[in-house]
Amino acid sequence: MIVDNYNRVHNYLRVSLTDNCNLRCFYCMPEEDYVFTPASRLMQADEIEALAKKFVALGVTKIRLTGGEPLVRKDAADIIQRLGKLGLNLTLTTNATRLHEFVDTLKEANVRSLNISLDTLQSDKFNLITRRDQFKLVYDNIHLMLKNNFHVKVNMVVMKGLNETEINDFIEWTKQEPVHVRFIEFMPFTGNRWTSNKVFTWQEMLKVIEEKYSFIHLKNDVHDTAKAYMVPGHKGTFAVISTMTAPFCSGCNRIRLTADGKMKNCLFSKEETDLLSALRKGEDVTPLIHQSIHSKAKELGGQFTTDFKHLHAEDINNRSMITIGG
Ligand code: SAM
Ligand code: SF4
């Protein structure tokens, strides 16, 4: 088992397949002309499989593929097929632009649930946020996945002054469609234009929803990073992810592996452990995994606290989100 100094058991691995992406969400990718890591420095499909097997042997039962955009990787289908054979809960976070090409692959690998990012239901605003004109494709692909009976969670990063006025439009969406919308507090990463006054807190989100809807609280699992709710009679549900104002660190069971093979014990950790180089040298990575987890901070990577009003994104020693794997 992978257990840290606070007795947290880590059984959930998030693997970034690439820092490449076909969208340019400003809060995730710092620069329009961002230079992607060359393929040779990324974990190859057999290396991802080998590392995943190590983690499974140590008790990991769930793997989420992420990125960058995991589905822009040329061998994404091969990787999904390989991991689908490991008998674990395999899932994916995606911007949905390529999902129509992957329906069968995902079904065959027994992927049943997907997290899809969509921050607005207005195509103009989508262009503004992602710097690409792909709203219709994303929206249509969400419906395609629903039609194919996937459990679809929609991640919306709520940013004050940008899209908080659309919260109830997303709730309205849950009336007719079984989408599970998750409203996420905006988080600071290197170069992502985060300022504390753009954080729309989970209490503010619930207040906006309360003005129009009555809703009930759904039961949470100890490892859940979201507080879940539903409007009675709606087909879908909604949740708030309060990383900034009320983090879920005490129940954290997550480990991250960046596309270049570095283990991060927390989304906000500054330390990284190079598993890929060790694997390529033929070394056993197990002691490295344990060492990394033993240095995991109690909360928020040890880099800030929930009192973030005076925080500057540059004060946090970390990568940009696109190079971590959200
Ligand atoms: N490309 C895929 C996608 O967009 O879903 C996967 C990678 S993306 C980095 C993973 C998730 O991180 C997305 O849901 C995205 O909205 C979220 N994310 C990125 N930057 C964020 C930030 N600054 N604050 C909160 N969530 C963020
Ligand atoms: Fe790409 Fe996802 Fe980041 Fe947007 S959030 S730039 S889709 S990796």
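Refer to the preceding data block for the structure.
Definitions and limits used
- Residues numbered from 1 in each chain as written.
- Chains lettered and ligands numbered in written order.
- Predicted model: local features only at pLDDT ≥ 70, side-chain atom pairs only at ≥ 80, totals over all residues.
- Heavy atoms only, no water.
- 1 Å grid on protein atoms, 1.4 Å probe; cavity = no way out; pocket = protein on both sides within 12 Å on 5 of 7 lines; lining within 4 Å.
- Points joined across faces, edges and corners; volume = space filled by probe spheres on them.
- Nonpolar A, V, L, I, M, F, W, Y, C, P; charged D, E, K, R; others polar.
- Helix = DSSP H or I, 4+ residues; strand = E, 2+ residues; numbered from the N terminus.
- Expected span 1.5 Å × (residues − 1).
- Buried < 20%, exposed > 50% of the residue type's maximum accessible area, 1.4 Å probe, protein only.
- Arc of directions from axis to C-beta.
- Contact = heavy atoms within 4.5 Å.
- Pairing = 2+ DSSP bridges.
- Axes fitted to C-alpha atoms, helices over the stretch in contact; angles between N-to-C directions.
- Salt bridge = Lys/Arg side-chain N within 4 Å of Asp/Glu carboxyl O.
- Near = heavy atom within 4 Å.
- Polar contact = N/O pair within 3.5 Å; in protein donor to acceptor, adjacent residues only side chain to side chain.

S.K.: Give a description of the layout of surface pockets that names residues and reports values.
M.R.: One water molecule sets the probe size; rolling that probe over the atoms shows where empty space is left. Within this model, the largest pocket holds a volume of roughly 490 Å³. Lining of the largest pocket is provided by 26 residues; of these, Lys 153, Arg 182, Asp 224, Thr 225 and Ala 226 occupy positions nearest its centre. The class makeup of the residues in the lining of the largest pocket is seven nonpolar, 10 polar and nine charged. What the second largest pocket holds in volume is close to 220 Å³. Considering the residues around the second largest pocket, the lining is formed by 13 residues, among which Thr 18, Ala 39, Leu 42, Arg 73 and Lys 74 are closest to the centre. Its residues placed into classes, the lining of the second largest pocket shows six nonpolar, four polar and three charged.

S.K.: I'd like a rundown of helix α5 (residues 135-147), residues and numbers included.
M.R.: Along its 13 residues, α5 runs 18 Å from first to last C-alpha, staying within 8% of the 18 Å computed at 1.5 Å per residue. When α5 is considered as a whole, its buried residues turn out to be Phe 135, Val 138, Asn 141, Ile 142, Met 145 and Leu 146. One side of α5 holds all its buried residues, which, seen down the axis, span an arc of 145°. Exposed side of α5, more than 90 degrees from the buried face: Lys 136 and Lys 147 are the residues found there. Looking at the buried side of α5, the elements it contacts are α3 (103-108), β4 (113-117), α4 (123-130), β5 (151-158), α6 (167-176) and β6 (179-185). At the C-terminal side of α5, Asn 149 shows a positive phi close to 65°.

S.K.: For the sheet that holds strand β8 (residues 227-230), give the residues involved together with the corresponding values.
M.R.: What the 12 strands build is an open sheet, ordered β7-β8-β9-β6-β5-β4-β3-β2-β1-β10-β11-β12; its pairing is mixed. For this open sheet the edge positions go to β7 (216-217) and β12 (273-274), each flanked by a neighbour on one side alone. Along the sheet, α5 contacts β4, β5 and β6; its crossing angle with β5, the most-contacted strand, is approximately 150°.

S.K.: Explain the pattern of salt bridges residue by residue, including any values.
M.R.: Applying the stated criterion across every chain, the model contains 12 salt bridges. Of the charged contacts in the structure, one is a salt bridge between Arg 73 and Asp 75, with a shortest N-O distance of 2.7 Å. Under the relative-accessibility criterion, Arg 73 is labelled buried at 11%. Take Asp 75: its relative accessible area is 23%, and that puts it in the partly exposed class. Members of the salt-bridge network, linked through shared partners, are Glu 49, Lys 53, Asp 78 and Arg 82.

S.K.: Tell me about the site of ligand 1, and name the residues and values.
M.R.: Looking at ligand 1, there are 20 residues lining it, with Gly 68, Glu 69, Ser 117, Met 187 and Asn 192 nearest. Between Tyr 27 and ligand 1, the recorded distance is 3.3 Å, taken from a side-chain N or O atom to an oxygen atom. Glu 69 is positioned with one of its side-chain polar atoms (N or O) 3.1 Å from a nitrogen atom of ligand 1. Counting residues per element, the ones that place at least two in the shell around ligand 1 are β3 (89-94), β5 and β6.

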